[in-house]
Amino acid sequence: MKRMEYNLNVLHFCFYRLHYKLHLHAKKKNPFYFIHNLPIQKRKYEELGIDIHKEIDQAFGHKEYGLSMTVAGGALIGILFFFFLGTLKVLLKLFIGNITLSAVHFIVCIVLSVALSYIFVFQKDKYLKYFEMFEVWKKADKRKYSWVTFVFVLATFCLFTLSLLL
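So, a few notes on the structure that sits alongside this text. (Residues numbered from 1 in each chain as written. Predicted model: local features only at pLDDT ≥ 70, side-chain atom pairs only at ≥ 80, totals over all residues. Heavy atoms only, no water.)

Some points on the environment of V114
Then, number 1: Here V114 is to be found in helix α5 (residues 103-122).
Then, number 2: Judged by its relative accessible area of 39%, V114 falls in the partly exposed class.
Then, number 3: A sequence separation of 41 residues divides V114 from G73, and the C-alpha atoms of the two residues are 9.8 Å apart. (Helix = DSSP H or I, 4+ residues; strand = E, 2+ residues; numbered from the N terminus. Buried < 20%, exposed > 50% of the residue type's maximum accessible area, 1.4 Å probe, protein only.)

The structure is reproduced here in structure tokens:
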């Protein structure tokens, strides 16, 4: 069980890092981001005493309620849903034969995905403890687990696609 908790938190962390890095990359090319550099906007932010660029980065990167955290949680639940749905469909096809999935199958997969995510990642903010541990990884470890996450997502996509073709 500890291994599953660790692996789910690795997935969650990698999804978080990916979304936050995409935000940092996109803000360099986002034309709406340059609105904040207009003189009238700069004066307004100086009057308010805020650095809008730091505030936007904080809105994305905050570990408890940031946008990247929300997206990462949704991605974790979503990838688990497709993994369970694909696995269920393949197993039913192998053992029972030709079967059409019903709403019950979808509900079971959704409940299982949400329950596992909640129990192993979100309950009592367990992910914060893991994030502290993962953020001090060396660059090679971050790269390795990013690739592991990518392979898992790709394998889940392939499994789900295979389940549709059966």
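Picking up after the structure, the text goes on.
Overview of the side chain of S117
Then, number 1: Here S117 lies in helix α5.
Then, number 2: Only 2.9 Å separates the side chain of S117 from the backbone oxygen of S113, close enough to count as a polar contact.
Then, number 3: Excluding its chain neighbours within four sequence positions, the residues that come into contact with S117 are L76, I77, L80 and F122. (Polar contact = N/O pair within 3.5 Å; in protein donor to acceptor, adjacent residues only side chain to side chain. Contact = heavy atoms within 4.5 Å.)

Things to note about the packing of aromatic side chains
Then, number 1: A full pass over the atoms with the stated rule returns 19 aromatic pairs.
Then, number 2: Aromatic side chains F13 and F131 sit 5.1 Å apart centroid to centroid with 80° between the ring planes, which places their arrangement in the edge-to-face category. One end of the pair, F13, is in helix α1 (residues 2-27); the other, F131, is in helix α6 (residues 126-135), and 118 residues separate them in sequence.
Then, number 3: Judged by relative accessible area, which is 2%, F13 ranks as buried.
Then, number 4: Overall, F131 belongs to the buried group, its relative accessible area being 2%. (Phe/Tyr/Trp six-rings, centres within 6.5 Å; stacked < 30°, edge-to-face > 60°.)

Some details on the nonpolar core
Then, number 1: Grouped together as the largest cluster of nonpolar side chains are 29 residues, with contacts concentrated most on Y6, L8, V10, L76, F134 and W137.
Then, number 2: For this core, the element with the most residues is helix α4 (residues 67-95), which contributes nine residues.
Then, number 3: Discounting chain neighbours no more than four positions away, the residues touching Y6 are Y130, M133, F134, W137 and Y145. (Core = buried A, V, L, I, M, F, W, Y, C linked by side-chain atoms within 4.5 Å.)

This is a description of form; function is not addressed.
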